[in-house]
Every structure is written in structure tokens, then in C-alpha cells.
Amino acid sequence: MIQNLKRIRDGQKDSLATKNLVPNQSVYGEELLQLEDEEYRLWNPLRSKLSTAILLGAKTIPELYQKKIIYLGASHGTTVSHVSDLVGNDGLIFAVEFSGRAAREFVAKCSSRKNIIPIVEDARTFWAYRGIFGRVDVVYCDIAQPDQTKIAISNCKAYLNIGGTLMLIVKARSIDVAENPNTIFQQEESLLSNSGFLILEKIDLSPFHKAHLLIIAKYQGS
Ligand SMILES: C[S@@+](CC[C@H](N)C(=O)[O-])C[C@H]1O[C@@H](n2cnc3c(N)ncnc32)[C@H](O)[C@@H]1O
């Protein structure tokens, strides 16, 4: 069971919701729900790959409550805002995004969430944010780049605790549009296994997110 997260039966389908860290505030137009006297934010699987993975039954998502996380590819802050609910006031998210435009929108939407530290940098130049934090418990990477796995690995080597968790969204089409996604997934998995990671679980995110795989892996050091 993940702290600050609820699974709701909504007619024939299940939905997820996270306990709102900033009551009365919706971040991107999501519905606010009153559940057992506490406010929750509906977490749409079509808007967030992490939500999809949990809904599809991922078993090894680490507990995020009070944890320190590097989030690569913050974009407009949709998923980051839910991770902010999950880590709570005593957790911290270092949210890296290299697009100035996306980062501006993200900062505007999430400014009242004190557990998010925005970092406007390219995750390839991971040393640029060396001074900002020490080691973290989790690296989450969703950057849709051809070298996405290498970028995730270099950030883990620099910042992830040994024994910490990498959650890597592999977008096959960003690596090679013509190749069979399963071939790409195997190739990226091998890259992780050969770089000091133990693969814990792979969750195919289709049909919500076509040709996307979430790989959850434990960092064992190199
Ligand atoms: C698929 S979107 C992320 C969606 C977001 N994770 C969510 O669920 O709300 C990918 C984001 O990664 C950012 N990005 C891509 N390459 C990056 C890099 N090298 N460094 C930092 N951000 C990057 C893009 O600008 C884009 O906003």
C-alpha cells in the first residue's frame, strides 16, 4: 500500500487519487474529491504514466512517503504534482526540466508546493546541479530522448543511494521509430543490467501509453 494514495471503484473501472498537499488547489484542472474527510486529487492514467503503472498492478513501486526523489522530465508538472502529494511535507523532489517554457508553467502551477525544487537544466549535464542535493532514494526518468537510459544511468551513478530505486519510462518511439518496441525494451533492459541495476519489474503501459514500458530497477552500485 502506498501512503497518501487511494484506489477508488468508479462504476466499472478503478481510479486513483492522491491526498492533496495543498487543499482547495487543483493543479491542472483535475477533480478534487472528499474521501473520509480528507481532500484527494483524481489521478488520470491517461495524463500520467506512473498512475497507469499503479493502476495496472505494478508490485514494486517503492514507498515514496518522506523520500527524496530526482524527477527527470518534469514537463508541466502533472505527474510531479501527484508525486509531491505522495512524498508529503517531509519528502523532497528535485524536478529537472530543460525546456524553459515547460518549466515556467510548471513553476507557476506548483509554486505553493514547498517540497518541489525546480531545476532548469539538461539532465545530460547532471553535474550542473551537483551543488543542489546529496544522494536520493529514487530517480524517476521520463524524458523521451534517444539516449534516455544512458541519461538515467548517469544521474543514478551521481545521485542515487546504493539500494535505491530507478523508475525509467522507456519510450520506444523516441529511440527508434522503425524498430519493434519489444526489441528496444530488451536492449534498454540489458543496458541497465550491465550498468549495476537489478531489474525488479517491467510494466507495459499500453493501451494508455502506446509503446511505453516502465522499468523498475534497484541500483546496486558499479
Ligand atoms: C514525456 S514529457 C514528461 C511528462 C511528465 N513526466 C509527466 O508525466 O507529467 C518529457 C519531458 O522531458 C523533458 N526533457 C527531455 N529531455 C530532457 C533533458 N535532457 N533534460 C531535461 N528535461 C528533458 C521535455 O522537455 C519534456 O517536458
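Predicted model, so just to flag it, every value in this text is computed and none were measured.

Cut-off values and rules
- Residues numbered from 1 in each chain as written.
- Predicted model: local features only at pLDDT ≥ 70, side-chain atom pairs only at ≥ 80, totals over all residues.
- Heavy atoms only, no water.
- Helix = DSSP H or I, 4+ residues; strand = E, 2+ residues; numbered from the N terminus.
- Rg over C-alpha atoms; globule rule 2.2 N^0.38 Å.
- Buried < 20%, exposed > 50% of the residue type's maximum accessible area, 1.4 Å probe, protein only.
- Contact = heavy atoms within 4.5 Å.
- Areas by Shrake-Rupley, 256 points an atom, 1.4 Å probe, with all protein chains shown as cover.
- Lys, Arg positive; Asp, Glu negative; His and termini not counted.
- Charge placed at Lys NZ, Arg CZ, Asp CG, Glu CD.
- Pairing = 2+ DSSP bridges.
- Axes fitted to C-alpha atoms, helices over the stretch in contact; angles between N-to-C directions.
- Phe/Tyr/Trp six-rings, centres within 6.5 Å; stacked < 30°, edge-to-face > 60°.

Glancing now at the overall build of the protein chain. Tallying secondary structure elements over the protein chain gives 6 helices and 11 strands in all. In terms of C-alpha radius of gyration, the protein chain reaches 17 Å, essentially the compact-globule figure of 17 Å for 222 residues. Taking all 222 residues of the protein chain together, the buried fraction comes to 52%. Here the analysis covers contacts within the protein chain between residues at least 6 apart in sequence; of these, 61% occur between residues at least 24 apart. Accessible surface for the protein chain amounts to roughly 10300 Å². Of this, 48% is attributable to carbon and sulfur atoms. The protein chain carries 26 positive and 24 negative side-chain charges, and their two centres are separated by 3 Å.

Attention shifts here to the sheet that holds strand S9 (residues 160–171). In space, the 7 strands of this open sheet follow the order S7-S6-S5-S8-S9-S11-S10, with mixed pairing throughout. At either end of the open sheet lies a strand with only one pairing partner, and these are strand S7 (116–119) and strand S10 (197–204). When the angles between neighbouring strand axes are averaged without regard to direction, this sheet yields 15°.

A separate point is the packing of aromatic side chains. Any pair of aromatic rings gets described here by the distance separating the centres and the angle formed by the planes. Summed over the entire model, instances satisfying the criterion amount to 4 aromatic pairs. Their ring planes at 25° and their centres at 4.6 Å tell us that Tyr71 and Tyr140 sit as a pair that is stacked. Taken together, the residues Tyr71 in strand S5 (residues 68–72) and Tyr140 in strand S8 (residues 136–141) connect sequence positions 69 residues apart. A ring pair is formed by Phe126 and Trp127, whose centres lie 5.0 Å apart and whose planes are at 75°; its orientation type is edge-to-face.

So yeah, pure geometry; function would need other evidence.
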